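For reference, the chains in residue letters:
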Amino acid sequence: MNTTPPVSQGWFKRMQLGQQYLKTWPLEKQLAPVFPENRVIKATRFGIRFMPPLAIFTLTWQIALGGQLGPSVATALFACSLPLQGLWWLGKRAATPLPEKLLHWFYDIREKFAQAGIAMAPVESVPTYFSLAELLKRAFKQLDNAFLDDI
């Protein structure tokens, strides 16, 4: 179940892990008050969709009007960096080990899977937020929402 790569990664690997985490994390409204992932994922998806066209519009607008190119290039680079910042944060968060309270909740959810008779792969190392995302995604599909009572 734990498919998280090692924590000591390069910048590009962290971005890839952030993209995997973005796709794995369940965007359920019950998780929004507890985890910042819902807000970061929505903002990152918005940035991926709208910031590159905004950067191109900024550049073409300034070129067409004969304005200064320096500030428009800086604005375009900043706009394109926003989704990258979101992916980097998500990648860093995905590789972070779970704190003690969430670790207990992680194992409680795994216990509920065992009580329901659903087979789970053993945990190979220290659970991370990516492991929690995979577990929550599976729990929302296969368990009732009673596992959320312990948050």
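Residues numbered from 1 in each chain as written. Predicted model: local features only at pLDDT ≥ 70, side-chain atom pairs only at ≥ 80, totals over all residues. Heavy atoms only, no water.

**Considering the overall build of the protein**
Part 1: From N to C terminus, the protein includes 5 helices and 0 strands.
Part 2: Each helix and strand of the protein, ordered N terminal to C terminal, gives the series α-α-α-α-α.
Part 3: Scaling as 2.2 N^0.38, a compact globule of 151 residues should have a C-alpha radius of gyration of about 15 Å, whereas the protein reaches 20 Å, well beyond that.
Part 4: Its C-alpha atoms give the protein principal-axis dimensions of about 70 × 30 × 25 Å.
Part 5: For the protein, the proportion of its 151 residues judged to be buried stands at 37%.
Part 6: Considering only intrachain contacts with a sequence separation of at least 6, the fraction spanning at least 24 residues in the protein is 74%. (Helix = DSSP H or I, 4+ residues; strand = E, 2+ residues; numbered from the N terminus. Rg over C-alpha atoms; globule rule 2.2 N^0.38 Å. Buried < 20%, exposed > 50% of the residue type's maximum accessible area, 1.4 Å probe, protein only. Contact = heavy atoms within 4.5 Å.)

**Description of the environment of T44**
Part 1: Looking at the element boundaries, T44 is found in helix α2 (residues 37-65).
Part 2: Considering only alpha carbons, one finds T44 and L82, 38 residues apart in sequence, at a separation of 7.5 Å.
Part 3: Not counting residues up to four positions away in its chain, the partners in contact with T44 are L22, P83, G86, L87 and L90.

**Some details on the packing of aromatic side chains**
Part 1: Counting across every chain of the model gives 7 aromatic pairs.
Part 2: Residues Y21 and F130 carry aromatic rings whose centres are separated by 6.3 Å and whose planes lie at 35 degrees to one another, so their mutual orientation is tilted. Within this pair, whereas Y21 is found in helix α1 (residues 11-24), its partner F130 is found in helix α5 (residues 129-142), the two being separated by 109 residues in sequence. Across the pair, exposure class does not vary: Y21 and F130 are buried alike.
Part 3: The ring of Y129 has R93 sitting right over it, with the charged end atom 4.0 Å from the ring centre.
Part 4: Residue placement shows R138 over the ring face of F113; its charged tip is 5.3 Å from the ring centre. (Phe/Tyr/Trp six-rings, centres within 6.5 Å; stacked < 30°, edge-to-face > 60°. Lys NZ or Arg CZ within 6 Å of the ring centre and 35° of its normal.)

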